[in-house]
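Commentary on secondary and tertiary structure
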Amino acid sequence: MIELTPAPAFAALSLPVTGAGTRIDALPPARITALAPYCGQLQALHALLGGFPEPGQVLELDGLRLVWAGRDLAFAFGEALPTGIEAHAALTDQSDGWAGLSLTGPGAEALLARRLPFDVRRMAVPGAARSLLGHMPVLVIALGRDEFELWLWRSMAACVLHHLTPV
Amino acid sequence: MRLICPCCGWRDRREFTYMGADDYLHRPVPDAPPEAWDEYLHNRTNPAGAARDLWYHDPCGTWVCITRDTITHAVTDGTRLEDAQ
Ligand SMILES: [Zn+2]
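From a predicted model like this one, the values you see are computed outputs, not experimental measurements.

1. A word on the overall build of chain B
In terms of helices and strands, chain B carries 2 helices and 6 strands. Secondary structure of chain B in N-to-C order comes out as β-β-β-α-β-β-β-α. The principal-axis extents of the C-alpha atoms in chain B amount to approximately 40 × 30 × 20 Å. Taking all 85 residues of chain B together, the buried fraction comes to 39%. Considering only residue pairs separated by 6 or more positions, chain B has 44% of its internal contacts joining residues 24 or more positions apart. Carbon and sulfur atoms provide 52% of the accessible area of chain B, an area that totals close to 5,100 Å². Here chain B holds 9 positive side-chain charges and 14 negative ones, and the gap between their average locations is 8 Å.

This is the structure in structure tokens:
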């Protein structure tokens, strides 16, 4: 069997980047599972997980972060998926398709405001939004007014970072 | 121009893909006469004033029926397609 070596998405890029009151750094790779509830299964899924995010919601559950990720779709960050969940939702392992950046500091919100076509200041905390950075799809998670996570398609990591770099 | 997505709220037009008039919601039955299919596929009213059309919100994957005014450019409503039919 071939042994594959995990490689961080931003390894070749010099991080962290600082400037404009913001520090941009790579987030450790996460186990990400897309949860798409089957027809009529939302309530059962809700009961099994202890919640399911409404549009824009982020739920911190037992060992699992559930992030709204689109219409009738949530991303589960973490390993602790309850057994039997596959009866209620289509599960897709997204882990190596995404790369995460953290943006922290008093300038983070303004930096994102210049680059995203929606008003980041109106995001709930914690809260999630899908949008485009340039032409690239992103998942924005607000953890504080000066603390954001930006999840992006791994193949576009260098391009996103280029767009974000505050100088 | 900003449109409203029922999931995401007011969003910039660049996040959306345009489909066409809401006539697409009223697909004829398979054995409808050719005139009905001709009407469905080709004929549009091109209204001055209230218009309803279909847009796709790319980031979240929601099809939206937008109500807007072609004279004033006011956008007044965005409804999920399954609720608009
Ligand atoms: Zn949306």
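2. As for the sheet that holds strand 5 (residues 62-69) of chain B
All names here are of chain B. Reading across from one edge, 3-4-5-6 is the order of the 4 strands in this open sheet, with antiparallel pairing throughout. The sheet is open, and its two borders are formed by strand 3 (16-21) and strand 6 (75-80), each paired with just one other strand. Across the sheet, the mean angle from the axis of one strand to that of its neighbour is 30°, orientation sign disregarded.

3. Structural notes on the interface of chain B and chain A
Listed as interface residues are 12 residues of chain B and, on the opposing side, 11 residues of chain A. Carbon and sulfur atoms make up 56% of the surface buried where chain B meets chain A, a total of about 1,000 Å² over both sides. The interface formed by chain B and chain A contains 2 salt bridges. For R71 of chain A, the salt bridge goes to E82 of chain B, with nearest N and O atoms at 2.4 Å. Remark: the boundary between chain B and chain A carries 4 residue pairs in polar contact (both at pLDDT 80 or more). Residue classes in the side of chain B that touches chain A are distributed as 4 nonpolar, 2 polar and 6 charged.

4. Description of the side chain of S95 of chain A
Residue and element names in this part refer to chain A. Note on placement: S95 falls in the loop between strand 7 (89-93) and strand 8 (98-104). Under the relative-accessibility criterion, S95 is labelled buried at 16%. Within polar-contact distance, the side chain of S95 engages the backbone nitrogen of I32 at 3.1 Å. Among the polar contacts made by the side chain of S95, one reaches the side chain of D93 at a distance of 2.5 Å.

5. Looking at the coordination of the zinc ion
Residue and element names in this part refer to chain B. Donor atoms from the polypeptide that bind the zinc ion are C5 (SG), C8 (SG), H57 (ND1) and C60 (SG), placed at 2.0 to 2.5 Å. Viewed at the metal, the 4 donor atoms of the zinc ion are separated by angles of 106 to 113°, and the geometry they form is tetrahedral. Within one chain, the residues donating to the zinc ion are spaced in sequence as C-x2-C-x48-H-x2-C. Here C5, found in strand 1 (residues 2-5), pairs with C60, found in the loop between strand 4 (50-57) and strand 5; they are 55 residues apart in sequence, far enough to count as distant. There is no split in this pair, since C5 and C60 are both buried.

6. Here we look at the domain arrangement of chain A
Residue and element names in this part refer to chain A. Looking at the assigned domains, one finds that chain A contains domain 1 (17-29 + 97-164) and domain 2 (32-93). Of the residues lining the interface, 10 residues belong to domain 1; the matching set on domain 2 comes to 11 residues. When domain 1 packs against domain 2, close to 890 Å² is buried across both sides, 72% of that on carbon and sulfur atoms. For the pair domain 1 and domain 2, the number of links is 1 salt bridge. At the junction of domain 1 and domain 2, the tally comes to 3 residue pairs in polar contact (both at pLDDT 80 or more). Of all the elements in the fold, those that place two or more residues in the side of domain 1 that touches domain 2 are strand 9 (127-133), strand 10 (136-144) and strand 11 (147-153). Across the side of domain 1 that touches domain 2, the residue classes break down as 7 nonpolar, 1 polar and 2 charged.

Each value, and the rule that gives it
- Residues numbered from 1 in each chain as written.
- Chains lettered and ligands numbered in written order.
- Predicted model: local features only at pLDDT ≥ 70, side-chain atom pairs only at ≥ 80, totals over all residues.
- Heavy atoms only, no water.
- Helix = DSSP H or I, 4+ residues; strand = E, 2+ residues; numbered from the N terminus.
- Buried < 20%, exposed > 50% of the residue type's maximum accessible area, 1.4 Å probe, protein only.
- Contact = heavy atoms within 4.5 Å.
- Areas by Shrake-Rupley, 256 points an atom, 1.4 Å probe, with all protein chains shown as cover.
- Lys, Arg positive; Asp, Glu negative; His and termini not counted.
- Charge placed at Lys NZ, Arg CZ, Asp CG, Glu CD.
- Pairing = 2+ DSSP bridges.
- Axes fitted to C-alpha atoms, helices over the stretch in contact; angles between N-to-C directions.
- Buried area = accessible area lost by both parts, 1.4 Å probe.
- Salt bridge = Lys/Arg side-chain N within 4 Å of Asp/Glu carboxyl O.
- Polar contact = N/O pair within 3.5 Å; in protein donor to acceptor, adjacent residues only side chain to side chain.
- Nonpolar A, V, L, I, M, F, W, Y, C, P; charged D, E, K, R; others polar.
- Donors = N, O, S within 2.8 Å, 3.2 Å for Na, K, Ca; no water.
- Tetrahedral: all angles 85-135°; square planar, octahedral: opposite > 155°, others 65-115°.
- Domains from an automatic or database assignment.

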